Amino acid sequence: MQAFTVHKGIVAPLDRSNVDTDAIIPKQYLKSVKRTGFGPNAFDDWRYLDPGEPGMDHSQRRPNPDFVLNRPPYDQATILLARKNFGCGSSREHAVWALTDFGFRAVIAPSFADIFFSNSCKNGLLPVVLAEDEVQNLFEQVEANPGAQVEVNLEEMTVTAPDATVFRFTLDEDRRHRLLHGLDDIALTLQHADDIRAYEERLRQDRPWMVE
Amino acid sequence: MAGKTLYDKLWETHVVREEPDGSTLLYIDRHLVHEVTSPQAFEGLRLAGREPWRGDSVLAVPDHNVPTTNRDAGIEDPVSRTQVETLESNVSGFGLKFFPMADVRQGIVHVIGPEQGATLPGMTVVCGDSHTSTHGALGALAFGIGTSEVEHVLATQCLWQKKTKAMQIRVEGELRPGVTAKDIVLAIIGRIGTAGGTGYAIEFAGSAIRSLSIEGRMSICNMSIEAGARAGMVAVDEKTIEYVRNKPQAPTGEMFERAAEYWRTLVSDPDAEFDAVVELDAAEIAPQVSWGTSPEMVAPVDGRVPDPAAESDAVRAEGMQRALEYMDLQPGTPITEIRPDKVFIGSCTNSRIEDLRAAAEVVKGRRKADNIKLAMVVPGSGLVKQQAEQEGLDRIFLDAGFEWREPGCSMCLAMNADRLEPGERCASTSNRNFEGRQGQGGRTHLVSPALAAAAAVAGHFIEPSKLGG
Ligand code: SF4
């Protein structure tokens, strides 16, 4: 996994709440058996005026000029700003892969759906929870100064706004540690293989019908 | 000290290891797998040279991409076909249990798990699919995971989790005639909102929940995720135990009795404390119809489309306005004046035998209205289909001009050929009404099977009891 320490970049304001994973990556693209290549289809229904299918040359499609990510400088954005309950809906990790493939490194919102939140942390996409008024403040600054940069610092757990205001966020220690160092979850867990085997031994005694 | 909640009990029995910061390595008993969210996980496993930790915990099935029409020719769409074939080669490569498309036991992963007794009370159940919450209806801790976690469970049989807060949603009293489990859960989401359950595990309780069948409880737990909760559950009672008895993968004989004795302890203690409690009066719940693009945007069938101008919260009002534009609806329109173009009865929310019976009862002796271009019934599994055919339900639907299809997710998310065309409006028994969910530009109204059937017959939304003829 790509480590996340400090990142500074352009913020794209996506002024919607309840942005669902069907919107982030529509289902036709879930047919891929790969982890990469979803970037051109992030927010596909909102981003293009004509319908898209996997395998098309998406650079030839008609972009929706009103959609924020089609408007420079936001097409270069690496931080996404949105309203509450971002990433709700399905468990598809493809939503996270689409955002990282587009180039996003962090999403800032007042709240996230649970599964999206953990999927992001596993892919080096930092979900940053700020209070609603702080998010509102960022929307105002970014909209007043398109292209303004924001710094997200996971070591310090701070967001530095374009006007130099510093907002603080939190992330549980375990996730923070893994993100800061880009650690492989499975290898870490397998260090506890003996604990898992001991648990299974107890399970066979206590609830034998659970293990075939 | 306060007693334990059902969630506490399920959690505690699965702790393999706990770190000082509360991160817990949780043991997973059952891992359900489908074709969409697993290919990258199997690939990761293979690249790292790892084997599944406990292959017998896995049950795999293709459901999202499979065609619901004649299957003899296989899958026409090459991309869908590749995905299903990838699943087949992954399961055979690792020797995992698998129901192929031609197997009568094939169906939607959340329908076949309980049907096979693959999910049992007291288990932790995961699947790379957010509607895994469905299995909580059996008194299990069941939740959806992402693909990285699918790989993690395959490799380690465990997941790192933090215990969430516990919410109890109590629905007390008697339901009005014609009000179903689907209406209860839509009313709950209408009340607490799509983020109301975020950060909680929800236990559904109260006399109205206990009065439901296990299938009805599944419909409710299924939509926990639409209320923002990763897991929903219902305490075990005798109905649960009778439901599990004789299921193909359930224990038998003395072992069953021993298991049942344990399962009976899977209830919240009377003095257990919840972090949040929500109460609903069952008698006040009417049949529900969603009018917008989020499952919290619901109204009673005898109500009207709401007016964003009357909403004080500006962000909410804007969301409502955008939803009305997408749905092409005017504020104040009676719900009964909304006319669908298509009707879809199916999905992991409502495709079990009781759902099909409820729809067939409404349809019996009637015909689909002329403005309904397509009314389709997609059973949740091959076994549900078989059972329905034995009861003659297929004839009732076919005689009424409905289509009777093969099992799968179908138009719930339109990854196969079943989909809405731009602008088409659908009465659907599925669980999500997001923009484009059932096809780009498609407009979804979430309803119960009885209401979907009534809409197909009348050509507009209507309470089934008010149907003439
Ligand atoms: S029926 Fe719909 S919600 Fe259920 S698993 Fe299939 S696609 Fe997901």
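Quantities reported herein were computed from a predicted structural model and do not represent experimental measurements.

1. Structural notes on the overall build of chain A
Part 1 of the reasoning: If you tally the helices and strands in chain A, you get 8 helices and 7 strands.
Part 2 of the reasoning: Each principal axis of the C-alpha atoms in chain A carries an extent, and together these give about 65 × 45 × 25 Å.
Part 3 of the reasoning: By residue count, 59% of the 212 residues in chain A fall in the buried class.
Part 4 of the reasoning: In chain A, 64% of the contacts between residues at least 6 apart in sequence involve partners at least 24 apart.
Part 5 of the reasoning: Surface summary for chain A: the accessible area is close to 8400 Å², and the carbon and sulfur share equals 47%.
Part 6 of the reasoning: For chain A, the distance from the average site of its 23 positive side-chain charges to the average site of its 33 negative ones is 4 Å.

2. Here we look at the pattern of salt bridges
In a structure, side chains of opposite charge can pair up when their charged atoms sit close to one another.
Part 1 of the reasoning: Evaluation of the coordinates by the stated rule reveals 44 salt bridges over all chains.
Part 2 of the reasoning: Where Arg 204 of chain A meets Glu 201 of chain A, a salt bridge forms, and the shortest distance between an N and an O atom there is 3.9 Å. In this pair, Arg 204 of chain A and Glu 201 of chain A are both assigned in helix α8 (residues 193-206), 3 residues apart and thus about one turn of the helix distant.
Part 3 of the reasoning: A relative accessible area of 43% places Arg 204 of chain A in the partly exposed class.
Part 4 of the reasoning: Measuring nitrogen to oxygen at the nearest pair gives 2.8 Å for the salt bridge that ties Lys 342 of chain B to Glu 424 of chain B. Remark: Glu 424 of chain B occurs in the loop between β17 (403-404) and β18 (425-428) and Lys 342 of chain B occurs in strand β15 (residues 342-345); sequence separation between them is 82 residues.

3. As for the site of the ligand
Residue and element names in this part refer to chain B.
Part 1 of the reasoning: Close to the ligand lie His 64, His 110, Asp 129, His 131, Ser 347, Cys 348, Cys 409, Cys 412, Leu 413, Asn 431 and Arg 437.
Part 2 of the reasoning: Most atoms of the ligand, that is more than half of them, are within 2 Å of grid points of the largest cavity.
Part 3 of the reasoning: Residues that form the shell around the ligand fall into these classes: 4 nonpolar, 5 polar and 2 charged.

4. Some thoughts on the packing of aromatic side chains
All names here are of chain B.
Part 1 of the reasoning: For the structure shown, the criterion picks out 17 aromatic pairs over all chains.
Part 2 of the reasoning: Between Phe 42 and Phe 94, the ring centres sit 5.8 Å apart and the planes meet at 20°, which makes this aromatic pair stacked. Of this pair, Phe 42 sits in helix α2 (residues 39-47) while Phe 94 sits in helix α3 (residues 78-94), placing them 52 residues apart in sequence. Across the pair, Phe 94 and Phe 42 agree in class, each one buried.

5. Points about the interface of chain A and chain B
Part 1 of the reasoning: Counting residues at the interface gives 59 residues for chain A and 75 residues for chain B.
Part 2 of the reasoning: Here chain A packs against chain B, burying approximately 5600 Å² in sum over the two surfaces, 54% of which is carbon and sulfur.
Part 3 of the reasoning: Considering only the surface of chain A that becomes buried against chain B, Lys 27, Lys 31 and Trp 209 of chain A emerge as the three largest contributors, covering 14% of it.
Part 4 of the reasoning: Here chain A and chain B share 8 salt bridges between them.

6. Quick notes on helix α3 (residues 94-102) of chain A
Residues and elements named next belong to chain A.
Part 1 of the reasoning: Judged by how many residues are buried, α3 sits mostly within the fold: 7 of 9 residues are covered.
Part 2 of the reasoning: Among all positions in α3, only His 94, Ala 95, Val 96, Trp 97, Ala 98, Leu 99 and Phe 102 are buried.
Part 3 of the reasoning: One or two positions beyond α3, positive phi appears at Gly 103, with a value near 125°.

7. Structural notes on the side chain of Gln 141 of chain A
Residues and elements named next belong to chain A.
Part 1 of the reasoning: Counting through the fold element by element, Gln 141 comes out in helix α5 (residues 132-144).
Part 2 of the reasoning: For Gln 141, a relative accessible area of 11% gives the class buried.
Part 3 of the reasoning: A polar contact is formed between the side chain of Gln 141 and the side chain of Asn 137, at a distance of 2.8 Å.
Part 4 of the reasoning: Once you skip the residues sitting within four places of it in the chain, Gln 141 turns out to touch Ala 161, Pro 162, Asp 163 and Thr 165.

8. Focus: the confidence of the model for chain B
Part 1 of the reasoning: A residue-level look at chain B finds 100% of positions with pLDDT of 70 or above and a mean pLDDT of 96.
Part 2 of the reasoning: The ipTM for the predicted assembly is 0.94, set against a pTM of 0.95.

9. Comments concerning the sheet that holds strand β2 (residues 24-27) of chain B
Part 1 of the reasoning: Reading across from one edge, β1-β2-β8 (chain B) is the order of the 3 strands in this open sheet, with antiparallel pairing throughout. Strands at the two margins of the open sheet, each flanked by one partner only, are β1 (15-18) and β8 (158-161) of chain B. When the angles between neighbouring strand axes are averaged without regard to direction, this sheet yields 20°.
Part 2 of the reasoning: With 3 bridges connecting them, β1 of chain B and β2 of chain B associate as antiparallel partners. Bridging across to β2 of chain B, Glu 18 of chain B finds its partner in Thr 24 of chain B.
Part 3 of the reasoning: Taken strand by strand, α8 of chain A contacts β1, β2 and β8 of chain B, and its axis lies near 145° from that of β1 of chain B.

10. Considering the layout of surface pockets
Part 1 of the reasoning: Each pocket or cavity is described by its volume, and for the second largest pocket that value is around 710 Å³.
Part 2 of the reasoning: Forming the walls of the second largest pocket are 33 residues, and the residues nearest its centre are Arg 16, Ser 17 and Asn 18 of chain A together with Val 315 and Gly 319 of chain B.
Part 3 of the reasoning: For the lining of the second largest pocket, the secondary-structure elements that each account for two or more residues are α5 of chain A together with α11 (314-327) of chain B.
Part 4 of the reasoning: At 7 residues, α11 of chain B tops the list of elements feeding residues into the lining of the second largest pocket.

11. Quick word on the nonpolar core
Part 1 of the reasoning: Of all hydrophobic cores here, the largest spans 113 residues; its most connected members are Phe 43, Phe 86, Leu 99, Ile 108, Leu 126, Val 152 and Val 159 of chain A.
Part 2 of the reasoning: If you tally residues by element for this core, the top one is helix α15 (residues 449-458) of chain B, at 8 residues.
Part 3 of the reasoning: Apart from the residues lying within four places of it in its own chain, the contact partners of Phe 43 of chain A are Leu 14, Val 19, Ala 23, Ile 24, Phe 67, Leu 69, Leu 80 and Leu 99 of chain A.
Part 4 of the reasoning: Core analysis: the next-biggest nonpolar cluster, separate from the first, contains 103 residues, Phe 42, Val 179, Val 185 and Ile 192 of chain B among them.

Conventions adopted
Residues numbered from 1 in each chain as written. Chains lettered and ligands numbered in written order. Predicted model: local features only at pLDDT ≥ 70, side-chain atom pairs only at ≥ 80, totals over all residues. Heavy atoms only, no water. Helix = DSSP H or I, 4+ residues; strand = E, 2+ residues; numbered from the N terminus. Buried < 20%, exposed > 50% of the residue type's maximum accessible area, 1.4 Å probe, protein only. Contact = heavy atoms within 4.5 Å. Areas by Shrake-Rupley, 256 points an atom, 1.4 Å probe, with all protein chains shown as cover. Lys, Arg positive; Asp, Glu negative; His and termini not counted. Charge placed at Lys NZ, Arg CZ, Asp CG, Glu CD. Salt bridge = Lys/Arg side-chain N within 4 Å of Asp/Glu carboxyl O. Near = heavy atom within 4 Å. 1 Å grid on protein atoms, 1.4 Å probe; cavity = no way out; pocket = protein on both sides within 12 Å on 5 of 7 lines; lining within 4 Å. Sits in = over half its atoms within 2 Å of the grid points. Nonpolar A, V, L, I, M, F, W, Y, C, P; charged D, E, K, R; others polar. Phe/Tyr/Trp six-rings, centres within 6.5 Å; stacked < 30°, edge-to-face > 60°. Buried area = accessible area lost by both parts, 1.4 Å probe. Polar contact = N/O pair within 3.5 Å; in protein donor to acceptor, adjacent residues only side chain to side chain. pLDDT = per-residue confidence, 0-100. Pairing = 2+ DSSP bridges. Axes fitted to C-alpha atoms, helices over the stretch in contact; angles between N-to-C directions. Points joined across faces, edges and corners; volume = space filled by probe spheres on them. Core = buried A, V, L, I, M, F, W, Y, C linked by side-chain atoms within 4.5 Å.

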